[in-house]
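Overview (structure and organization)
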Amino acid sequence: MNSPRILVLHGPNLNLLGTREPEVYGHITLPDIDQGLATLGRELGLDVQVFQSNHEGALIDRLHAARADGTCFVIINPAAYTHTSVALRDALAAIDKPFVEVHLSNVYRRESFRHQSYFSSLAEAVISGCGALGYSLALRYAADKLSAKA
């Protein structure tokens, strides 16, 4: 039996984690996060696939591919697209997969424009302000939801 596939999407500028505004985002790098998710995924019996892009269209294309590639659940940190991308929101709605929205920082302690998300009303859950731990929490949530559904 194949392990349930979880797609983790990282939005723009997350490739700079570890060096970009460490006072906000910490010192952990994106490869560190991805490696931790792969390890946790194996422990939970999940196939974790990761994808990062600074380009909205590439993120949308990857979501479209998730319709047919066996993806059961999506974890997304849309980064700055959280506040701007109706197109990415529409792609998430179109693929009809449950998802968790993750943010490393507490967006409600930041600039007011960051308080608006185009994704939260569609998301199963939103995790904000837990740093890299937020991704692990989202993965555990996905595993729990998928096992309850089985």
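Residues numbered from 1 in each chain as written. Predicted model: local features only at pLDDT ≥ 70, side-chain atom pairs only at ≥ 80, totals over all residues. Heavy atoms only, no water.

**Things to note about the packing of helix H3 (residues 56-66) against helix H4 (residues 86-95)**
How we decide: Axes, fitted as lines to C-alpha atoms, cover a helix only where it is in contact. Angles between the N-to-C directions of the axes lie from 0 to 180 degrees. Helix numbers and strand numbers start at the N terminus; a helix is a DSSP run of H or I with at least 4 residues, a strand a run of E with at least 2. Oblique is the label for every angle not falling under 35 degrees (roughly parallel), over 145 degrees (roughly antiparallel), or within 65 to 115 degrees (roughly perpendicular). Contacts: residue pairs with any heavy atoms within 4.5 Å of one another. Each residue is assigned to one class: nonpolar for Ala, Val, Leu, Ile, Met, Phe, Trp, Tyr, Cys and Pro, charged for Asp, Glu, Lys and Arg, and polar for all the others, Gly among them.
Taken N-terminus to C-terminus, the directions of H3 and H4 make an angle of 5 degrees; their axes are 9 Å apart at the nearest point. Looking at the two axes, H3 sits roughly parallel to H4. Along its contact with H3, which presents Glu56, Leu59, Ile60, Leu63, His64 and Ala66, the element H4 presents Ala87, Leu88, Ala91, Leu92 and Ile95. Partitioned by chemical class, the residues of the contact of H3 with H4 number nine nonpolar, one polar and one charged.

**Quick word on the side chain of serine 117**
The criterion, for reference: Any pair of N or O atoms that falls within 3.5 Å is considered a polar contact. Within protein, one atom must be able to donate a hydrogen and the other to accept it, and sequence-neighbouring residues count only if both atoms are side-chain atoms.
Tracing the backbone shows serine 117 in the loop between strand S4 (99-103) and strand S5 (125-128). At 2.9 Å, the side chain of serine 117 forms a polar contact with the side chain of glutamate 101. For serine 117, the side chain forms a polar contact with the main-chain nitrogen of phenylalanine 119, separated by 2.9 Å. Excluding its chain neighbours within four sequence positions, the residues that come into contact with serine 117 are Thr82 and Glu101.

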